[in-house]
Amino acid sequence: MLNNLNRIEVEAGSILFSEGDPGDCAYLIEEGSIEIFVGKGSQSRQVNIIGKGELFGEVALIDHQPRTASARAVNKATLIPISRTMVNELLEKTDPIVRHLLLVILERYRNKGGTVAATTEEQLSVARKRNALRGEATQKITLANDIARALEKDEFELFYQPICDLKSEHVAGYEALIRWHHPLQGMISPLDFLWLAEQTGQIRELGLWTLKRACRDWPVLRRSTHYPRPFVSVNLSPSQLTEPRFVEDVKTVMQQYQMSPGELKLELTETVIINNPELALKLLRQITLLGSSIALDDFGTGHSGLDSLNRYPIGTMKIDRAFISQIHDSAHSREIVQTSIKLAHSLGMDVVAEGIETREIHAQLLALQCNYGQGWLYGKPVPLARIDQ
Ligand code: C2E
Ligand code: CA
Ligand code: CA
């Protein structure tokens, strides 16, 4: 990005900005040195002299306050100006927690504890935005803290949803789906906390917990299946795969719970593959060498499609509920489902249709030679204690 910026040359003694000026630009020193000073004329006092590679003027740029010091070139200098628009763009892309912390630090640095009362409309608008950011950051920090506590206090539970053989309608396996029993908020859906656990890295611990719990519960679940090759499916999040010990962990957990590797399926979405194509290929191969299999989750909603199906050792395609639920009403969805099933079969994969809620949809999928079905028609996700033996 810095390559696109125009350099400016300034002569010795030039003033770059003065105290009280609006802070609309920061500078990176490419050559020369710059004096930072406060006060005017004989009252002026040097704060610092900075040189090549250093940045100045950035504080006013970020917190939208006037300059608190002046800057003058000590000798001939080359500078790279960095505009507020660019910094704002970068800040927008930063995590709210980082942004909030940065602004708090800047505020303390500037006011040594006090806050400047907002007066103009622009200052009020900045203050409002900052309050909203503070709210978002606080919420995230609280939630991340709660997740850490929940792991310690054993507040997570796995629910299991049956996956049925479409012909016989017998239970072939189960998908493990995490639930959080929050002491104050009650049951929290995985969609409401997994995204943050993914961002904070807590997903690794959570993922390992899920894997252990599913393997621990498998002997009980297995007794309620009626199928020659029963399985339990465990979801993987993108950053679990980049954990250096990932394959080793899977192996250790399987040994610890005497899990037969062929009965463990790991579900991942195309995002996992897209984020890290080469690493994913290597690790997924290692997983299949252990004897376990891979299911491509939410098929149809991602972007990689054909490429990942062909290159990666995927044993099962799970067609997303968005298409399955429309199969009755939309010729387009029906076409997508039919083509996906044919494609999967031609690549030697089996197919699970997700989110089957009605008999009609079941019948249609059976006619399309789909292998397995998952959905409320056969059973909602339930705790282990509610699985019929
Ligand atoms: P998913 O892997 O696509 O799981 C299927 C979701 O569809 C589950 O939602 C399930 O309850 C729901 N579902 C199943 N059948 C039906 C149906 O017939 N109708 C409708 N309307 N919904 C149905 P859930 O349990 O809320 O999980 C949401 C997502 O959270 C999962 O989507 C998965 O991506 C993620 N997730 C859940 N547990 C875990 C976990 O242990 N680890 C990771 N990494 N992700 C998990
Ligand atoms: Ca899944
Ligand atoms: Ca899915």
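Scroll up for the structure.
Residues numbered from 1 in each chain as written. Chains lettered and ligands numbered in written order. Predicted model: local features only at pLDDT ≥ 70, side-chain atom pairs only at ≥ 80, totals over all residues. Heavy atoms only, no water.

1. A few points about the coordination of the calcium ion (ligand 3)
Looking at the calcium ion (ligand 3), the protein donor atoms are D297 (OD), D298 (OD), E354 (OE) and E354 (OE), and they sit 2.0 to 2.7 Å from it. Sequence spacing among the residues donating to the calcium ion (ligand 3) works out to D-D-x55-E. In this structure, the calcium ion (ligand 3) lies 3.9 Å from the calcium ion (ligand 2), and both are coordinated by D297. You can see D297 sitting in strand β14 (residues 293-299) and its partner E354 sitting in the loop between β16 (350-353) and α14 (359-367), a full 57 residues away along the chain. E354 shares its class with D297; the two are buried. (Donors = N, O, S within 2.8 Å, 3.2 Å for Na, K, Ca; no water. Helix = DSSP H or I, 4+ residues; strand = E, 2+ residues; numbered from the N terminus. Buried < 20%, exposed > 50% of the residue type's maximum accessible area, 1.4 Å probe, protein only.)

2. Things to note about the side chain of Q374
Secondary-structure assignment places Q374 in strand β17 (residues 372-374). When near neighbours in sequence (up to four residues on either side) are disregarded, Q374 contacts Q161, P162, I163, E175, K318, V352, A353, E354, G355 and I356. (Contact = heavy atoms within 4.5 Å.)

3. Structural notes on the nonpolar core
In this structure, F156, Y160, F246, L264, L266 and L365 are the most contacted members of the largest nonpolar core, which totals 71 residues. Per-element tally for this core: the top contributor is helix α6 (residues 203-223), with eight residues. Among all residues touching F246, those that are not within four sequence positions of it are L236, Q240, L241, L266, L283 and I287. Judged by nonpolar contacts, the second largest core, of 16 residues, contains V10, I29, A69 and L79. (Core = buried A, V, L, I, M, F, W, Y, C linked by side-chain atoms within 4.5 Å.)

4. Some points on α14
Those residues of α14 that fall on the buried side of the exposure criterion are I361, H362 and L365. For α14, the angular spread of the buried residues around the axis is 105 degrees, confining them to a single face. Against α12 (321-324), α13 (331-346) and β16 lie the buried residues of α14. Note on α14: the residue one or two positions beyond its end, Q369, has a positive phi of about 65 degrees. (Arc of directions from axis to C-beta.)

5. Remarks on the site of ligand 1
For ligand 1, the set of nearby residues contains 22 residues, the closest of which are I178, R179, S237, E357 and W376. One of the side-chain N or O atoms of S237 is found 2.8 Å from a nitrogen atom in ligand 1. In the environment of ligand 1, an oxygen atom lies 3.0 Å from a nitrogen or oxygen atom belonging to the side chain of D297. In the complex, the protein chains occlude 83% of the 790 Å² of accessible area that ligand 1 would expose alone. Elements represented by at least two residues in the shell around ligand 1 include exactly β10 (171-182) and β14. Per-element tally for the shell around ligand 1: the top contributor is β10, with four residues. (Near = heavy atom within 4 Å. Polar contact = N/O pair within 3.5 Å; in protein donor to acceptor, adjacent residues only side chain to side chain. Areas by Shrake-Rupley, 256 points an atom, 1.4 Å probe, with all protein chains shown as cover.)

6. Focus: the coordination of the calcium ion (ligand 2)
The protein atoms that coordinate the calcium ion (ligand 2) are E175 (OE), N235 (OD1), E267 (OE) and D297 (OD), at distances spanning 2.2 to 2.3 Å. When the donors of the calcium ion (ligand 2) are listed by position in the chain, the intervening gaps give E-x59-N-x31-E-x29-D.

7. Comments concerning the pattern of salt bridges
Tallied over the full model, the rule gives 16 salt bridges. Note that E175 and K318 form a salt bridge whose closest N and O atoms lie 2.9 Å from each other. Taken together, the residues span a long stretch of sequence, with E175 in strand β10 and K318 in strand β15 (residues 316-319) at a distance of 143 residues. One exposure class covers both E175 and K318, and it is buried. Between R222 and E263 there is a salt bridge, and its shortest N-O distance comes to 2.6 Å. A residue pair is termed long-range when its members are at least 10 positions apart, and R222 in helix α6 and E263 in the loop between α8 (246-256) and β13 (264-268) qualify at 41 residues. What makes E263 buried here is its relative accessible area of 13%. (Salt bridge = Lys/Arg side-chain N within 4 Å of Asp/Glu carboxyl O.)

8. Observations concerning the packing of α6 against α8
Close contact between α6 and α8 brings their axes to 9 Å; oriented N to C, the two are set at 30 degrees. By the criterion of interaxial angle, the relationship of α6 to α8 is roughly parallel. By crossing handedness, the relation of α6 to α8 is classed as right-handed. Seen from α6, the contacting residues are L208, L211, K212 and C215; seen from α8, they are D249, V250, V253 and Q256. Residues of the contact of α6 with α8, tallied by class, amount to five nonpolar, one polar and two charged. (Axes fitted to C-alpha atoms, helices over the stretch in contact; angles between N-to-C directions. Parallel < 35°, antiparallel > 145°, perpendicular 65-115°, else oblique. Left-handed = near helix turned anticlockwise from the far one by under 90°. Nonpolar A, V, L, I, M, F, W, Y, C, P; charged D, E, K, R; others polar.)

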